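Architecture at a glance
Chain by chain, the residues:
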Amino acid sequence: MLEDIMTLEVWDYSLAGNTVGDLAIALAAFFVFLGVFKVFQVMVLRRLEKLAEKTETDIDDTLVSIVRSLRPPFYSFLAFYAALYFLVLGNTLKKAIDVVLVVWIVVQIVIATQILIDYIVRKRFSGEGAEDGTKGAVSFISGLLKATLWVIGGMLVLSNLGININSLIAGLGIGGIAIAFALQNILGDLFSSFAIHFDKPFRVGDFIAVGNYKGTVEKIGIKTTRIRSTMSEEIVISNTELTSTSVQNYGKMKERRNVFTLGITYETPIEKIKKVPQVVREAIESTKLTRFDRVHFSTFGDSSLNFDVSYYVQSSDYSTFMDVKQEINIKIMEAFESMGVAMAYPTRTVYVNKE
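Let me sum up the structure you'll find in this document. It should be emphasised that the depicted structure is a prediction, and the values quoted were computed from it without experimental measurement. (Residues numbered from 1 in each chain as written. Predicted model: local features only at pLDDT ≥ 70, side-chain atom pairs only at ≥ 80, totals over all residues. Heavy atoms only, no water.)

**Digging into the overall build of the protein**
For the protein, the count of helices and strands is 11 helices and 10 strands. Taken over 355 residues, the protein has a buried fraction of 30%. For the protein, the proportion of contacts with a sequence separation of at least 24, taken over those separated by at least 6, is 62%. Accessible area for the protein stands at about 23,300 Å²; split by element, carbon and sulfur atoms hold 61% of it. (Helix = DSSP H or I, 4+ residues; strand = E, 2+ residues; numbered from the N terminus. Buried < 20%, exposed > 50% of the residue type's maximum accessible area, 1.4 Å probe, protein only. Contact = heavy atoms within 4.5 Å. Areas by Shrake-Rupley, 256 points an atom, 1.4 Å probe, with all protein chains shown as cover.)

**Some points on the packing of aromatic side chains**
Under the counting rule described, the total for this entry stands at five aromatic pairs. Ring plane angle 70° and centroid distance 5.2 Å describe the contact between F297 and F300, whose orientation is recorded as edge-to-face. On the accessibility criterion, F297 (36% relative accessible area) is partly exposed. Look at F300 and you get exposed, because its relative accessible area is 64%. Taken together, the ring pairs connect F297, F300 and F307 into an aromatic cluster. Just above the ring of Y312 sits the side chain of R291; from NZ or CZ to the centre is 4.1 Å. (Phe/Tyr/Trp six-rings, centres within 6.5 Å; stacked < 30°, edge-to-face > 60°. Lys NZ or Arg CZ within 6 Å of the ring centre and 35° of its normal.)

**A look at the nonpolar core**
By size, the foremost hydrophobic cluster in this structure holds 24 residues, and its most contacted members are L262, I264, V280, V309, I332 and F336. Listing elements by their share of this core, those giving two or more residues are β8 (256–264), α10 (270–285), β9 (290–300), β10 (305–313) and α11 (318–339). In terms of residue count, α11 provides more of this core than any other element does, seven residues in total. Those residues in contact with F336, other than ones at most four positions away along the chain, are L262, I264, V276, V279, V280, V341 and M343. Core analysis: the next-biggest nonpolar cluster, separate from the first, contains 10 residues, F202, I208, I227 and I237 among them. (Core = buried A, V, L, I, M, F, W, Y, C linked by side-chain atoms within 4.5 Å.)

**Considering the packing of α10 against α11**
Two packed helices can be described by the angle between their axes and the distance between those axes. Between α10 and α11, the least distance of the axes is 9 Å, while the angle of their chain directions is 145°. By crossing handedness, the relation of α10 to α11 is classed as right-handed. The segment α10 lies against α11, with K272, K275, V276, V279, V280, A283 and I284 engaging I328, K331, I332, A335, F336 and M339. (Axes fitted to C-alpha atoms, helices over the stretch in contact; angles between N-to-C directions. Left-handed = near helix turned anticlockwise from the far one by under 90°.)

**As for the pattern of salt bridges**
For the coordinates displayed, the defined rule picks out six salt bridges. For E234, the salt bridge is made with R226, and the minimal N-O distance between the two is 3.4 Å. With a shortest N-O distance of 3.5 Å, D293 and R257 are connected by a salt bridge. On the criterion of sequence distance, the pair formed by D293 in strand β9 and R257 in strand β8 is long-range, its members being 36 residues apart. With relative accessibility at 31%, the residue D293 sits in the partly exposed group. (Salt bridge = Lys/Arg side-chain N within 4 Å of Asp/Glu carboxyl O.)

**Let's talk about the pairing of strand β3 (residues 207–210)**
Sheet analysis places β3 next to strand β4 (residues 213–220), joined by four bridges and oriented antiparallel. For V210, the partnering residue across the bridge sits in β4 and is Y213. Following β3, the chain reverses through two residues before pairing antiparallel with β4; G211 in that reversal takes a positive phi of roughly 60°. (Pairing = 2+ DSSP bridges.)

**Focus on the sheet that holds β8**
A sheet is described by the order of its strands in space; here three strands give the open sequence β8-β10-β9, paired in antiparallel fashion. On the outer flanks of this sheet lie β8 and β9, each paired with one strand and no other. Here the strands of the sheet are splayed against their neighbours by 15° on average, with no regard to which way each runs. Note: β9 against β10, nine bridges, orientation antiparallel. Bridge pairing in β10 links R294 to S310. Together, β8, β9 and β10 form the strand contacts of α11, whose direction differs from that of β8 by roughly 25°.

**Observations regarding the layout of surface pockets**
The volume enclosed by the largest pocket comes to roughly 190 Å³. Around the largest pocket, the lining residues are F37, F40, Q41, V44, V67, L70, F74, Y75 and L78. Counting residues per element, the ones that place at least two in the lining of the largest pocket are α2 (20–54) and α4 (72–83). With four residues, the top contributor of residues to the lining of the largest pocket is α2. A class-by-class count of the residues in the lining of the largest pocket yields eight nonpolar, one polar and no charged. (1 Å grid on protein atoms, 1.4 Å probe; cavity = no way out; pocket = protein on both sides within 12 Å on 5 of 7 lines; lining within 4 Å. Points joined across faces, edges and corners; volume = space filled by probe spheres on them. Nonpolar A, V, L, I, M, F, W, Y, C, P; charged D, E, K, R; others polar.)

Nothing here speaks to function; it is all geometry.
Shown next, in the form of structure tokens:
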């Protein structure tokens, strides 16, 4: 009987308004919740990993990384927080624990969002074969987004602490406007660089023409783009200028067109003149990498009968284009020589009247 009374007294012993029995129930609840959270994480991870093995997409791998970012300290604190519902707490202590929970949840949300941002940026812009300049711009944007996330997270925490953040937001807005005005030229080049990297009007290695400049793109930087001209000098052009003017990108060409005028002498017999279009066409079509367009007897020149000729070389490489052009020209000359057709050149006939 005495032992029962002593046992009841122990269970009824009060600590900060909570009996030993309440503390024992809270402790048991903590371990139960801890086990539930751990089992839930393991089950979700296993299901996602099995799904990742069956699918070709890598979005499920990103979800696995997000779930794994929930470390034991986080769900241990969640279990601790849930167990506190079985206890009586003072307002100050409860508010302090609520603040820790809010901060920790915001941090976890930011971390998960960062993982998602890294996946989207890597998938969209930093794939295999991306240029170094593109990777640098992507890395900068990724860092900027992450910094913005932490700022937003910090404001959420301050708001939950009861701090009025309206004045802080207004101050940041005014400060941002002042900085933007001070750095407008630099920011203009910076955003122009992003436009070039993401819109891709040209890439490193493309041959482009900008105004009076022509050359091969060697580097696309944050502020400027460097071009190697045909005379081998380096041309540095601001990205703002590149995005505000017309750019001819020869690197996008799939084929090159050649148009020229072919003149033969007026003394050429009409039978041979009729054969010229077919002979020229055969010379073009018998050459590799060509696509015939047209050939016509077009005009009576001052000293020649003129034929307009047009064809395409199915290559964007300039050296290949010139090789094909040379081969066709030689074939035309050989065909004319075998036909007895003479190429015309500027001549003037003078008639002298002898009395």
